[in-house]
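Here are the chains, one letter per residue:
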Amino acid sequence: MNEVVAEEWVDETTPFERVYEVVRRTYGRESADEIAERARTSPTTARKHLRTLADAGEVATAEDGGTTLYRRSETAIVTEHAQSLLQDRSTEEISAGIADMKATIREWREEYGVDSPEEFARQLDVADADSEHGSVFTEWQTTRRNLALAQAALAIADVQRAGHLTGRDGDDEDTSAIV
């Protein structure tokens, strides 16, 4: 990072904002020291903010020896992708895409006689992603992931439309039993 730009970033943001911005781009596991260095803050400050982000579900942790490692949580990634999809597409377009992806997956299941890309790979011993079968395997996995993201986007849209996230629905149901 250009030092002038880095200095402006430090001057214009709080340590929490910098830690959050760094962790939003952290998909592998990193220590608080590594994140602190990238966020231009102290390891102690980074740990404090990382604990807050972990409590909020934005960060996942893992232990490696005596070191806590941090990465972006799967939930945060899915939510961000779903929100982005909702900004780019209407719910009707997303629904149509879901139908298309389900049809494609159904065709693969019928054609190859298996229920998942992993079964497909085991059955055909797909080792080379560049082969015809390797590309089907990769495409199937991608389609399955995109289907899940599209379904998550629709679920979020449904909850938003019903006002359950904003309290507009006036419903004071106890949701503690929802699993």
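The structure this text deals with has already been given above.
Now for a look at the structure at hand. (Residues numbered from 1 in each chain as written. Predicted model: local features only at pLDDT ≥ 70, side-chain atom pairs only at ≥ 80, totals over all residues. Heavy atoms only, no water.)

1. Re the packing of aromatic side chains
Alright, step 1. Using the criterion set out here, one finds four aromatic pairs in the structure.
Alright, step 2. Of the aromatic side chains, those joined through ring pairs into one cluster are Trp108, Tyr112, Phe120 and Trp140. (Phe/Tyr/Trp six-rings, centres within 6.5 Å; stacked < 30°, edge-to-face > 60°.)

2. Things to note about unusual backbone geometry
Alright, step 1. Backbone geometry places arginine 40, a non-glycine residue, at a positive phi of 55°.
Alright, step 2. Here arginine 40 lies in the loop between helix H3 (32–39) and helix H4 (43–55).
Alright, step 3. Among the residues examined, arginine 40 registers a relative accessible area of 34% and is labelled partly exposed. (Helix = DSSP H or I, 4+ residues; strand = E, 2+ residues; numbered from the N terminus. Buried < 20%, exposed > 50% of the residue type's maximum accessible area, 1.4 Å probe, protein only.)

3. Some points on the environment of threonine 41
Alright, step 1. Tracing the backbone shows threonine 41 in the loop between H3 and H4.
Alright, step 2. Relative accessible area serves as the criterion here: at 18%, threonine 41 is assigned to the buried category.
Alright, step 3. As for threonine 41 and valine 19, which are separated by 22 residues in sequence, their C-alpha atoms are 8.1 Å apart.

4. Some words on the side chain of threonine 143
Alright, step 1. On the secondary structure map, threonine 143 appears in helix H8 (residues 132–162).
Alright, step 2. By relative accessible area, which is 11% here, threonine 143 ends up buried.
Alright, step 3. Beyond its immediate sequence surroundings of up to four residues, threonine 143 is in contact with Met101, Ile105 and Trp108. (Contact = heavy atoms within 4.5 Å.)

5. Focus on the nonpolar core
The nonpolar side chains of a soluble globular protein tend to be buried, and buried together.
Alright, step 1. The biggest cluster of nonpolar side chains holds 21 residues, and the ones touching the most others in it are Leu86, Ile94, Ile98, Trp108, Tyr112, Phe120 and Trp140.
Alright, step 2. Of all the secondary structure elements, the ones that give two or more residues to this core are helix H5 (74–88), helix H6 (91–112), helix H7 (117–124) and H8.
Alright, step 3. The leading source of residues in this core is H8, at 10 residues.
Alright, step 4. Beyond its immediate stretch of four places on either side in the chain, tryptophan 140 contacts Ile105, Trp108, Arg109, Val114, Asp115, Ser116, Pro117 and Phe120.
Alright, step 5. Counting 13 residues, the second-largest nonpolar core is a separate cluster that includes Val19, Val22, Ala39 and Tyr70. (Core = buried A, V, L, I, M, F, W, Y, C linked by side-chain atoms within 4.5 Å.)

6. Some details on the sheet that holds strand E3 (residues 67–72)
Alright, step 1. Strands sit in the order E1-E3-E2 across an open sheet of three strands; the sheet is antiparallel. The strands lining the two open edges of the sheet, one partner per strand, are strand E1 (30–31) and strand E2 (59–64).
Alright, step 2. Two elements, E1 and E3, share two bridges in a ladder whose sense is antiparallel. Bridged to glutamate 30 within E3 is tyrosine 70.
Alright, step 3. Those strands touched by H4 are E2 and E3, and its axis lies near 120° from that of E2. (Pairing = 2+ DSSP bridges. Axes fitted to C-alpha atoms, helices over the stretch in contact; angles between N-to-C directions.)

7. What to know about the pattern of salt bridges
Opposite charge on two side chains allows them to pair when their charged atoms are near.
Alright, step 1. In the structure shown here, the tally under the stated rule is nine salt bridges.
Alright, step 2. Salt-bridge contacts for glutamate 74 lead to arginine 71; the nearest nitrogen and oxygen are separated by 3.7 Å.
Alright, step 3. Of the residues examined, arginine 71 reaches a relative accessible area of 17% and is grouped as buried. (Salt bridge = Lys/Arg side-chain N within 4 Å of Asp/Glu carboxyl O.)

8. Examining the pairing of E2
Alright, step 1. Of the pairings in the sheet, the one linking E2 to E3 comprises six bridges and is antiparallel in character. Looking at E3, one finds that glutamate 63 is bridged to threonine 68.
Alright, step 2. Connecting the antiparallel pair E2 and E3 is a turn made up of two residues, with glycine 65 showing a positive phi of about 70°.

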